[in-house]
Amino acid sequence: MVAKLLNSLWHESTAQLVKNRPALDSDHQCDVAIIGGGYSGLWSAYYLKKLLPDLRIVVIEQNNVGFGASGRNGGWCSGFLPISLSEIEQTHGRAAAVEMYKASFQTLDEIEKVINSEQIDCEYHRGGTIHGATNAVQQSRVRHDVEQLHDFGFGEEHIRFLAATEISSRLNIDGLSTASYTPHCAVIHPAKLVQSLAQLVERLGVQIFESTTVLEYSPGNVKTNSYTCQADIIIRATEGFTARIKKHRRTLAPLYSYMVATTPLSTSQLSNLGWANRETYHDARNMIIYAQLTKDKRIAFGGRGAPYHFASRVKPQYDKHSVIHDKIIRSMHEVFKIAQELEVTHRWGGPLGVPRNWRPSVNFERTTGLASLGGYVGDGVAATNLAARTLAHLIVGDKHPLTELFWVNQVSRKWEVEPLRFIGINGLLKISESMDRHEARTNQPDKIRSKLLDYFL
Ligand SMILES: Cc1cc2nc3c(=O)[nH]c(=O)nc-3n(C[C@H](O)[C@H](O)[C@H](O)COP(=O)(O)OP(=O)(O)OC[C@H]3O[C@@H](n4cnc5c(N)ncnc54)[C@H](O)[C@@H]3O)c2cc1C
């Protein structure tokens, strides 16, 4: 599958960094074969090389490096996970929840360290995140999130409420009544990060094959659309595209997230808005929206809620969706009134990977040499780094504290067969959307739909 991406702001500005690397052109032997040239695959290669420099590692990528979500995302490098502290506590206990969040927050320091030591230019800026509320139900969610972190022992230095004056001076958005702030998020240029990582691991001796699609794999053997690669260890890092691999059709469901970007804000528009520290912004609606201010002062705004495609299909033509893009633009105009004065210059999207239990995981089985990492549910920019470091230590077997984190070897059950998967996932998306409409209209929680959501998730 060699396809070119449509109209992504990030790819447009990194076209000169994209190398066309050779495809696998003969049968190959190595110690570690990594399937997928996104952050998960490349960070895994990086940390394995750091721990064992002599390992012979190859990365096999169906398209170009960064073709997947790693080259297209919203650029939120966030220490927050798609699973809450209380959800982890329910299955693994309080201490495991706290350890996981500590490791996840510390991941930003680690990424920052590598960016500095390896001189990676990815426009990294750690401005934190503002989580806003524009109605009473959203207010209670923002409050709940702050209180939960405090209850688990994460103090004001991790998350705090913003006073009304601080809200408007940081980000002057109409109707923002309540907001919290956390420093655990940075903005990045996603495609610059993934291209730089690829070049970095190549300098460490990793071989990357592009335009080579893995059809199936089994212990010791990776079968591609051309040749075979034999490896003692095989790492699957294929996230939203996983369902295309034989025997993995129901491992991760691809859900699409879409984004738009505007022309740059003028100096006066920006001074009305504030946003001097480039905090990432989202509000507490059910159907996730996310915004960042790019280095060149554009608003990059994304949203979930696109329909899931039958049988987990992923196709290049799904990377754009005019109805969803129009919805996202409406949401952007609603959040940032000033965006109505700006032109939307870019529209793009891509698949992210969702496991049946909605929890990311890192897996390694020493007896077979098979490993995988992912299922980040759209929160993988920072989590890929933590997952890859964890996996490297699992493979090396050095009893590192990271290998004790709750997500290690937590394989989710498979998704339902079709058409149940199609009906279930699209039903959940519809419920979330109608809950947001109800909450905005009535200022009241939608208890019935909320119960339905809890039941199905
Ligand atoms: C529009 C959008 C916005 C997002 N915004 C954010 C955000 O702001 N913050 C955040 O934390 N997360 C965000 N995410 C999610 C985040 O980008 C991902 O979680 C993360 O990039 C996953 O990295 P990965 O390497 O696991 O997967 P990917 O980057 O998807 O990489 C997988 C790679 O594997 C390759 N591949 C797949 N199958 C095969 C095969 N059979 N053979 C060979 N190669 C194969 C693919 O081509 C791809 O390059 C967003 C995702 C999308 C789509």
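Data block above holds the structure.
Let me sum up the structure you'll find in this document. All chains use their own residue numbering, which begins from 1 and follows the written sequence. Local features in a predicted model are, by the rule used here, given only for residues with pLDDT of at least 70; side-chain atom pairs are given and counted only at 80 or more, and totals for whole chains, interfaces and linings are based on all residues. Side-chain metrics in this entry use all non-hydrogen atoms of the structure; hydrogen atoms and water are not considered.

Remarks on the site of the ligand
Right, on to step 1. One heavy atom within 4 Å of a molecule or strand makes the whole residue count as near it. Ser40, Glu61, Gln62, Ser70 and Gly74 are the nearest of the 36 residues found near the ligand.
Right, on to step 2. Under this definition, polar contacts are N or O atom pairs within 3.5 Å; protein pairs additionally need one hydrogen-donor-capable and one acceptor-capable atom, and for neighbouring residues in sequence, both atoms have to be side-chain atoms. Glycine 75 is positioned such that a nitrogen or oxygen atom in its backbone is 3.4 Å from an oxygen atom of the ligand.
Right, on to step 3. Between a nitrogen atom of the ligand and a main-chain N or O atom of glycine 378, the distance comes to 2.9 Å.
Right, on to step 4. Burial of the ligand by the surrounding chains reaches 99%, relative to a free accessible area of 1,000 Å².
Right, on to step 5. Think of it this way: any DSSP run of H or I at least four residues long counts as a helix, any run of E at least two long counts as a strand, and we number them from the N terminus. Breaking the shell around the ligand down by element, the ones donating at least two residues are α2 (39–51), β12 (253–262) and α10 (380–396).
Right, on to step 6. When residues in the shell around the ligand are grouped by element, the largest group, 3 residues, is from α10. Calculation of accessible area relied on Shrake-Rupley with a 1.4 Å probe; when residues are assessed, cover is drawn exclusively from the protein chains displayed.

Some words on the side chain of serine 372
Right, on to step 1. Position of serine 372 among the secondary structure elements: in strand β18 (residues 370–374).
Right, on to step 2. Not counting residues within four places of it along the chain, the set of residues in contact with serine 372 comprises Arg236, Ser361, Val362 and Asn363. The criterion used for residue contact is that any of the two residues' heavy atoms lie within 4.5 Å.

Remarks on the nonpolar core
Right, on to step 1. Residues belong to a common nonpolar core when they are buried Ala, Val, Leu, Ile, Met, Phe, Trp, Tyr or Cys residues joined through side-chain atoms within 4.5 Å. Burial classes follow relative accessibility: with a 1.4 Å probe on protein chains only, a residue under 20% of its type's maximum area counts as buried, one over 50% as exposed, and anything between as partly exposed. Leu42, Trp43, Ile235, Leu391 and Trp407 are the most contacted members of the largest nonpolar core, which has 69 residues in total.
Right, on to step 2. Filtering out sequence-adjacent residues up to four positions away, leucine 42 remains in contact with Gly37, Val59, Val65, Val194, Leu197, Ala198, Val201 and Ile208.
Right, on to step 3. With 35 residues, the next largest nonpolar core counts Phe67, Leu176, Ile324 and Leu342 among its residues.

Here's the deal with unusual backbone geometry
Glycine aside, residues mostly have negative phi angles, and peptide bonds mostly take the trans form.
Right, on to step 1. Each neighbour pair has its own omega, and for glutamate 418 with proline 419 the value is 5 degrees, a cis peptide bond.
Right, on to step 2. Tracing the backbone shows proline 419 in the loop between α10 and α11 (420–442).
Right, on to step 3. A positive phi angle, near 55 degrees, is found at glutamine 119, a position not held by glycine.
Right, on to step 4. Within the secondary structure, glutamine 119 is located in the loop between α4 (94–117) and β4 (129–133).
Right, on to step 5. We classify glutamine 119 as exposed; its relative accessible area is 71%.
Right, on to step 6. In this structure, asparagine 409 takes a positive phi of about 55 degrees despite not being glycine.
Right, on to step 7. Within the secondary structure, asparagine 409 is located in the loop between α10 and α11.

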